[in-house]
Amino acid sequence: MINFQYLRTTVVKTALGLVSKDPKATFIAGGTNLVDLMKRGVTAPEKLIDINHLPLKQIELKNNILHIGALVSNSALAENAIVAAKFPLLMLALQSGASAQLRNVATVGGNMMQRTRCGYFYDTTMPCNKREPGTGCGAIGGYNRMHAIFGTSASCIAVHPSDMCVGLAALDAQVVIAGTKGERKINFVDFHRLAGTTPEKDNNLQKGELIVRLEIPVNNLNKHIHYLKVRDRSSYAFALVSVAAALEIKDGSITNVRLAMGGVAHKPWRLTTAEAFLKGKTATPANFEEAAKLAMKDAKGFGENDFKLKLAPNSIIEALTIAKSKA
Amino acid sequence: MGNLFFKDENDRVDGVDKVTGKAKYFAEYQLPGLTYGVLVTSTITKGKITAIDSKAASGAPGVLGVLSHLNKPSVAGYEAEGGAKLKIFYTDQVLFNGQPIALVVADTFERATFAASLVKVTYEKGAFNTDFEKSIKDASVKKLQGAAPYVRGVENAYKTAEVQVEQTYVMPVETHNPMELHGIIADWRPNDQVTVYAKTQGVKATQNTIAGAFKIPAESVQVNSEFVGGGFGMALRTWPLEIATVMASKHLKKPVKLVITRDQMFTMVGNRPAAHQKIGLGATKDGKITGITHTAFGQSSTYENFTEGVVNMSKFMYSSENVNTNYYIVPLDMSVPIWMRGPGEATGAFALESAIDEMAHALDMDPLDFRIKNDPEKDPAQNRPFSSKYIKEAYKLGSAKIGWDKRKNKPRSIVEGSWNVGYGVSIGVFNAGRGRASVKGILKADGTLVLQSATSDIGPGTGTGMGLIASKLMNIPTDKITFELGDSSLPPAPSQGGSATLSTVGSAVNDVCVALKATIAELAANSNMDATSNFVDVLKKNNLPMIEKTIQSSQNNPDAKNYSMYSFSIHFVQVKVHQLTGVVKVSKIVSVGDSGKIVSPKTARSQMVGGAVGGIGMALTEEAILDNRYGRYVNNNFADYHVPVHADVPEVDVIFIDKPDPIVNPMGAKGMGEIAIIGFAGAVANAVFNATGKRIRSLPITPDKVLMG
């Protein structure tokens with residue numbers, strides 16, 4: 001077998017030191033994606049630093065900001081009472097992801113770091129710029145039913161597969177990242193990247209950096225919310241399209257709104273234009289339709305995924321309609 | 001329901017063993033000195049292997065050997081075989097992508113896996129064609145006749161009918177993908193005796209295939225396959241990968257285990273072929289069918305032809321004076337298909353039953369009334385009566401149960417919030433076959449009965465059913481009866497396929513029980529005991545620890561030739577279709593089985609439920625997707641090839657007519673494994689139309705098709 005070193009530490013600083021110094025070293029947490037990638041020959045790290053024993057498993061509310069440790073499991077986060085009460089949108093997004101078994105093992109940080117599920121990325125005999133830059137994109141002109149319609153490039157049309165991240169993108173989360181030189185914070189929506197000409201880079205994490213926690217400011221978006229995931233089967237299927245919708249409605253008018261989509265781009269796709277349109281408007285079907293229409297500006301299909309140009313706006317309308325109806 | 005604590009005589013005899021892990025599947029046998037094989041597969045679709053560099057692999061830690069066509073040990077039977085089948089490691093030719101081209105054997109699975117990744121293969125690529133739909137339209141692509149054309153009455157009579165429906169229905173490749181991966185353990189010993197632990201639906205078939213390939217006596221091959229983790233047809237033949245494993249064991253003089261990977265399950269062990277079907281239906285304005293034309297194309301391979309009964313049902317399911325069918329296969333550069341649950345008929349029923357629904361809609365008739373109006377009293381193809389057929393009763397029971405009266409002929413009539421509700425129905429039918437099997441019965445003075453037959457159990461509950469037949473005949477409680485199977489040294493039986501095991505092996509169980517009873521009666525008479533004496537007393541009185549009988553059943557009731565024997569099913573479904581997303585949810589299922597007397601109610605119900613689950617997969621989710629530019633599957637894993645999950649399956653109501661068929665066998669029981677799925681996809685497609693007014697003629701019915709339809 002391809003031998004690799006396995007190291008474990010309980011100290012964040014030690015973990016950072018081990019990975020930052022070694023180009024062939026990488027962190028492993030739940031391993032639900034990394035192990036698959038290693039088995040399929042997509043990646044072959046020579047050193048795995050097991051971070052499961054780092055003290056990053058707390059969920060705490062401090063000064064009206066929810067702190068979520070990067071090693072909190074997806075199921076623990078979904079079942080957390082504070083999350084259920086204050087961030088039900090995140091709870092729904094989490095529950096839509098993967099399967100119960102995977103959610104028990106998958107971590108918050110790992111969920112953010114998971115790679116695309118594009119079939120060409122996983123089959124090492126096929127072209128894929130993300131796996132092997134310069135080889136071409138198999139999905140363009142090939143099987144692209146699951147692929148992106150926003151922010152695509154000639155080199156890659158893969159989508160980010162996470163549901164949790166769509167919820168986080170809608171909730172103005174921030175990512176706290178630790179490096180050997182200290183911590184830095186970036187907005188969640190700036191964490192993942194578009195493919196551009198460097199599809200091999202999924203996000204803006206630098207080599208040796210580690211996600212240590214998420215911070216989400218408490219908001220009033222805990223009533224009129226919905227996470228709609230449209231998929232080929234009811235569980236354990238990636239989204240054709242998903243929508244995270246949250247509304248704050250006062251006297252019939254929308255005072256605050258968040259919209260994000262999954263299954264449509266190389267990153268969780270925040271719908272800022274649609275949000276701007278809806279703010280201050282009444283929560284009516286006509287306004288939902290107009291918002292959906294605005295959200296679709298610049299969308300582009302690749303043949304097999306052309307249906308998303310209809311499914312996406314429909315899903316936005318449906319998610320907003322259900323969110324509004326929640327009492 | 002029975003459970004661990006309250007035993008029910010209908011319980012699955014091996015249920016506890018299966019859920020507690022005691023049941024041992026082929027891959028779990030640990031032989032001393034066991035070695036592990038991993039296959040190297042082709043990464044081109046067609047062409048020639050120009051070189052295999054196995055130097056690095058051979059030198060890798062723990063590697064015992066690398067087998068390929070370059071060093072293939074002789075397989076004596078290859079020379080005798082015709083050209084049709086894939087002979088593994090025989091030539092440098094690549095016939096499909098994912099073809100096994102080398103086998104690496106090492107002392108551990110991990111080492112074999114690593115070494116296999118080191119094997120470097122170079123090819124001379126050839127032009128290839130895997131595009132089934134394009135090939136149908138392309139006249140330059142060769143098509144072969146899959147069955148003799150059939151004409152009854154006037155050909156294409158539908159074209160002159162008052163009301164006409166002419167439509168095309170397509171479906172993709174489906175893969176069996178049972179949970180248990182395919183493979184084998186082979187142990188070839190120096191005395192040329194071979195023992196294998198196999199995943200097979202026929203231990204005798206596996207024995208004969210291996211014996212034939214290596215030209216050794218069948219008795220030299222011992223096949224063990226007590227438990228099988230699902231088959232659905234894919235284990236009805238011994239695949240090249242199994243021959244390769246036996247070859248490796250013989251060559252290396254060690255037991256070798258090979259378990260293929262999930263992606264290899266898509267190219268090495270068959271599939272349900274893609275199909276393209278045209279149906280022409282003609283009817284009078286008052287709803288009498290006057291013509292049926294069914295033309296079907298099925299995908300096959302270039303190296304071996306595969307055909308199945310896609311157009312059979314159209315010949316006899318409805319009374320029409322005029323019927324004609326044609327069936328062609330399209331050889332493509334893909335691996336050969338194999339029968340998959342409801343072979344042929346499940347494909348054909350989707351097309352025919354969709355077209356029947358389209359015609360009923362065109363006539364503005366209730367599709368149930370339309371079917372009843374055209375239900376033949378006799379088999380119109382053979383012009384003879386059915387041995388038993390309670391279709392009309394099945395319609396009645398099923399429609400009442402699902403609430404068919406709520407259905408409106410006009411689509412889009414029922415709306416619940418964002419969901420449209422629709423109802424659909426479809427018929428399934430499959431030949432009620434019966435073969436010849438042998439069973440040995442050992443009746444013991446301790447009050448127990450042991451029955452033995454080299455049949456298989458891929459999950460339907462073979463042992464449970466046989467125990468119940470014997471229990472009833474011998475008046476022995478089921479817990480005193482053991483049914484032994486999955487061992488090639490037992491009295492011979494055919495493979496488990498075509499819904500024939502209960503009929504075939506059950507008849508032999510019946511016959512052996514009758515013979516044992518006769519012997520007991522004889523012994524009782526000889527020892528001046530009452531004819532009704534308990535066999536334990538009779539054996540004791542005669543100082544016999546046991547008596548044995550081996551009986552080969554007759555193949556059929558002599559009267560059978562005067563009847564058409566079929567099992568029938570009617571599937572009723574209610575679906576909910578989301579107006580904005582196109583998502584289809586099957587919300588109610590009523591499956592009615594008209595399959596004669598039900599011998600084992602619990603496992604029979606389980607079969608019908610399993611068929612409904614498979615039917616949901618066929619209708620809504622399952623599709624093996626091939627990138628025709630490369631000839632490779634792009635969703636060859638369980639995350640992307642979607643079999644239904646629990647949340648996709650509502651409670652399944654199963655109703656059995658449960659009336660004995662007087663002809664088929666002594667139990668009056670017709671097979672039911674196939675009818676559980678046949679017709680189901682059509683019922684869903686018809687319900688989707690009723691809900692939305694959209695006729696989806698391409699499976700699976702995914703949200704995008706509904707949305708854009």
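Basis of the calculations
- Residues numbered from 1 in each chain as written.
- Chains lettered and ligands numbered in written order.
- Predicted model: local features only at pLDDT ≥ 70, side-chain atom pairs only at ≥ 80, totals over all residues.
- Heavy atoms only, no water.
- Helix = DSSP H or I, 4+ residues; strand = E, 2+ residues; numbered from the N terminus.
- Rg over C-alpha atoms; globule rule 2.2 N^0.38 Å.
- Buried < 20%, exposed > 50% of the residue type's maximum accessible area, 1.4 Å probe, protein only.
- Contact = heavy atoms within 4.5 Å.
- Areas by Shrake-Rupley, 256 points an atom, 1.4 Å probe, with all protein chains shown as cover.
- Lys, Arg positive; Asp, Glu negative; His and termini not counted.
- Charge placed at Lys NZ, Arg CZ, Asp CG, Glu CD.
- Buried area = accessible area lost by both parts, 1.4 Å probe.
- Salt bridge = Lys/Arg side-chain N within 4 Å of Asp/Glu carboxyl O.
- Phe/Tyr/Trp six-rings, centres within 6.5 Å; stacked < 30°, edge-to-face > 60°.
- Lys NZ or Arg CZ within 6 Å of the ring centre and 35° of its normal.
- Disulfide = S-S within 2.5 Å.
- Core = buried A, V, L, I, M, F, W, Y, C linked by side-chain atoms within 4.5 Å.
- Domains from an automatic or database assignment.
- Pairing = 2+ DSSP bridges.
- Axes fitted to C-alpha atoms, helices over the stretch in contact; angles between N-to-C directions.
- Polar contact = N/O pair within 3.5 Å; in protein donor to acceptor, adjacent residues only side chain to side chain.
- Parallel < 35°, antiparallel > 145°, perpendicular 65-115°, else oblique.
- Left-handed = near helix turned anticlockwise from the far one by under 90°.
- Nonpolar A, V, L, I, M, F, W, Y, C, P; charged D, E, K, R; others polar.

J.: Teacher, can you tell me more about the overall build of chain A here?
T.: The helix and strand tally for chain A stands at 12 helices and 12 strands. Scaling as 2.2 N^0.38, a compact globule of 327 residues should have a C-alpha radius of gyration of about 20 Å, and chain A matches this with 19 Å. Counting only C-alpha atoms and orienting by the principal axes, one finds that chain A spans roughly 60 × 50 × 35 Å. Out of the 327 residues belonging to chain A, those deemed buried represent 58%. Long-range contacts, defined as pairs at least 24 residues apart, comprise 64% of the intrachain contacts of chain A with a sequence gap of at least 6. When the accessible area of chain A is evaluated, it comes to approximately 13,000 Å², of which 52% is carbon and sulfur surface. Looking at chain A, you have 40 positive and 26 negative side-chain charges, and the mean spots of the two groups are 2 Å apart.

J.: I'm lost on the overall build of chain B in this one. Help?
T.: Each helix and strand counted, chain B has 17 helices and 28 strands in total. Rg of the C-alpha trace for chain B: 27 Å, near the compact-globule value of 27 Å for 709 residues, within the 12% margin. By its C-alpha atoms, chain B is 80 × 75 × 50 Å across when sized along the principal axes. The buried share of chain B, taken over its 709 residues, is 62%. Across chain B, the fraction of contacts at a sequence separation of at least 24, relative to all contacts at a separation of at least 6, is 81%. On chain B, roughly 26,100 Å² of surface is accessible, and the fraction owed to carbon and sulfur atoms is 52%.

J.: How should the interface of chain A and chain B be read in this particular structure?
T.: The parts lose accessible area when they come together, and the size of an interface is often stated as this lost area. Opposite the 34 residues of chain A that make contact, chain B presents 33 residues. When chain A packs against chain B, close to 2,800 Å² is buried across both sides, 61% of that on carbon and sulfur atoms. Connecting chain A to chain B are 2 salt bridges. The shortest N-O distance in the salt bridge between Arg 632 of chain B and Asp 123 of chain A comes to 2.7 Å.

J.: How should the packing of aromatic side chains be read in this particular structure?
T.: To describe a pair of aromatic rings, one takes the distance between the centres and the angle between the planes. Within the structure shown, the criterion is met by 18 aromatic pairs over all chains. Seen from their ring centres, Phe 150 of chain A and Trp 269 of chain A are 5.2 Å apart, and the 10° between their planes marks the pair as stacked. Of this pair, Phe 150 of chain A sits in the loop between helix H8 (119-122) and helix H9 (164-170) while Trp 269 of chain A is found in strand E12 (residues 269-270), placing the two residues 119 residues apart along the sequence. Between Phe 266 of chain B and Tyr 641 of chain B, the ring centres sit 5.5 Å apart and the planes meet at 80°, which makes this aromatic pair edge-to-face. Separated by 375 residues along the polypeptide, Phe 266 of chain B in the loop between strand E12 (256-259) and strand E13 (275-283) and Tyr 641 of chain B in the loop between strand E27 (632-633) and strand E28 (652-656) bring together distant segments of the chain. Accessibility expressed as a relative area gives 1% for Phe 266 of chain B, which makes it buried. Through a chain of ring-to-ring contacts, the aromatic side chains of Phe 316, Phe 386, Tyr 566 and Phe 568 of chain B assemble into a single cluster. Lys 24 of chain B extends its terminal NZ or CZ atom over the ring of Tyr 29 of chain B, reaching a point 4.6 Å from the ring centre.

J.: Explanation requested: the state of the cysteines in the structure shown.
T.: Defined simply, a disulfide is a covalent bond joining two cysteines at their sulfur atoms. Residue and element names in this part refer to chain A. Counting across every chain of the model gives 0 disulfides over all chains. Looking at the unpaired Cys 118, the closest cysteine sulfur is the one in Cys 128, lying at 5.9 Å. Since its relative accessible area comes to 10%, Cys 118 is described here as buried.

J.: What exactly am I supposed to notice about the nonpolar core here?
T.: Nonpolar side chains tend toward joint burial in soluble globular proteins. Residue and element names in this part refer to chain B. In this structure, Met 317, Ile 570, Phe 572, Val 573, Val 575, Val 684 and Ile 701 are the most contacted members of the largest nonpolar core, which totals 84 residues. The biggest single contributor to this core is helix H9 (residues 345-362), with 9 residues. In this structure Val 684 touches Val 573, Val 575, Val 586, Ala 619 and Leu 620, once residues within four positions along its chain are discounted.

J.: Explanation requested: unusual backbone geometry in the structure shown.
T.: Residue and element names in this part refer to chain B. That bond from Leu 699 to Pro 700 is cis: its omega, -10°, falls within 30 degrees of zero. Counting through the fold element by element, Pro 700 comes out in the loop between helix H16 (680-692) and helix H17 (703-708). Despite not being glycine, Asp 364 shows a phi value in the positive range, around 55°. Position of Asp 364 among the secondary structure elements: in the loop between H9 and helix H10 (367-373). At Asp 658, a position not held by glycine, the phi torsion is positive, near 55°. Mapped onto the elements of the fold, Asp 658 is located in the loop between E28 and H16. Asp 658 gets classed as partly exposed once you look at its relative accessible area, which sits at 30%.

J.: I'm lost on the domain arrangement of chain B in this one. Help?
T.: All names here are of chain B. Split by domain assignment, chain B resolves into domain 1 (26-126 + 178-261), domain 2 (356-432 + 565-708) and domain 3 (438-555). Each of domain 1 and domain 2 was reduced to a C-alpha centroid, and the two centroids are 39 Å apart. On the domain 2 side, the residues contacting the 6 residues of domain 1 number 4 residues. Between domain 1 and domain 2 lies a buried interface of about 300 Å² when both sides are counted; carbon and sulfur atoms form 45% of it.

J.: Explain the environment of Ala 70 of chain A here, please?
T.: All names here are of chain A. Mapped onto the secondary structure, Ala 70 falls in the loop between strand E5 (65-69) and helix H3 (74-78). Considered as a pair, Ala 70 and Leu 16 are 54 residues apart in the sequence and their alpha carbons are 14 Å apart. Here Ala 70 is in contact with Leu 56, Thr 107, Val 108, Gly 109, Ile 211, Val 212 and Arg 213, once residues within four sequence places are set aside.

J.: Which parts of the structure should I look at to understand the pattern of salt bridges?
T.: If the charged atoms of two oppositely charged side chains come close together, the side chains can form a pair. Residues and elements named next belong to chain A. Counted under the stated rule, the structure contains 37 salt bridges over all chains. Ionic pairing is found between Lys 250 and Glu 248, a salt bridge with its closest N-O pair at 4.0 Å. Residues joined in a network through salt bridges with shared partners are Asp 172, Arg 258, Arg 270 and Glu 275.

J.: Where do I start with the sheet that holds strand E8 (residues 210-217) of chain A in this structure?
T.: Remark on secondary structure: sheet strands pair via backbone hydrogen bonds, oriented parallel or antiparallel. All names here are of chain A. With respect to topology, 5 strands assemble into an open sheet ordered E4-E5-E8-E6-E7, the strand pairing being antiparallel. The two strands at the open ends of the sheet, each matched to only one other strand, are strand E4 (59-62) and strand E7 (182-187). The average angle at which neighbouring strand axes cross in this sheet is 25°, direction not considered. Bridge count for strand E6 (residues 174-179) against E8 is 5 bridges, and the pairing is antiparallel.

J.: It is not clear to me how the side chain of Thr 603 of chain B should be interpreted in this structure. Could you clarify?
T.: Residue and element names in this part refer to chain B. As for its placement among the helices and strands, Thr 603 is situated in helix H15 (residues 601-621). Among the polar contacts made by the side chain of Thr 603, one reaches the side chain of Ser 600 at a distance of 2.5 Å. For Thr 603, the contacting residues outside a window of four places in its chain are Arg 12, Pro 460, Gly 461 and Thr 464.

J.: In this structure, what is going on with the packing of helix H12 (residues 462-474) of chain B against helix H13 (residues 501-526) of chain B? I would like to understand it.
T.: When two helices pack together, their arrangement is given by the angle between the helix axes and the distance between those axes. Residues and elements named next belong to chain B. The geometry of H12 relative to H13 is characterised by a closest axis approach of 9 Å and an angle of 30° between their N-to-C directions. With respect to H13, the element H12 is oriented roughly parallel. For the pair H12 and H13, the sense of crossing is right-handed. On the side of H12, the interface is formed by Thr 462, Gly 465, Met 466, Ile 469, Ala 470, Leu 473 and Met 474, while H13 contributes Thr 501, Leu 502, Val 505, Gly 506, Val 509, Asn 510, Cys 513, Leu 516 and Lys 517.

J.: Before we go on, may I ask you to explain the sheet that holds strand E18 (residues 414-416) of chain B in this structure?
T.: All names here are of chain B. Taking strand neighbours across the sheet as the criterion, the 5 strands line up as E18-E19-E24-E25-E28 in an open arrangement whose pairing is mixed. Lying at the two open borders of the sheet, with one neighbouring strand each, are E18 and E28. Taking each pair of neighbouring strands and ignoring which way they run, the sheet shows an average axis angle of 25°. Both strand E24 (residues 566-578) and strand E25 (residues 584-594) contribute to a ladder of 10 bridges, which runs antiparallel.

J.: It is not clear to me how the packing of H15 of chain B against H16 of chain B should be interpreted in this structure. Could you clarify?
T.: Residue and element names in this part refer to chain B. In contact at an axis separation of 8 Å, H15 and H16 are set at 55° when each is read in the N-to-C sense. By the angle class used here, H15 and H16 are oblique. Note on packing geometry: the crossing formed by H15 with H16 is right-handed. Listed contacts from H16 to Ala 612, Gly 615, Ile 616, Met 618, Ala 619 and Leu 620 of H15 are Phe 680, Ala 681 and Val 684. Of the residues in the contact of H15 with H16, the class split is 8 nonpolar, 1 polar and no charged.

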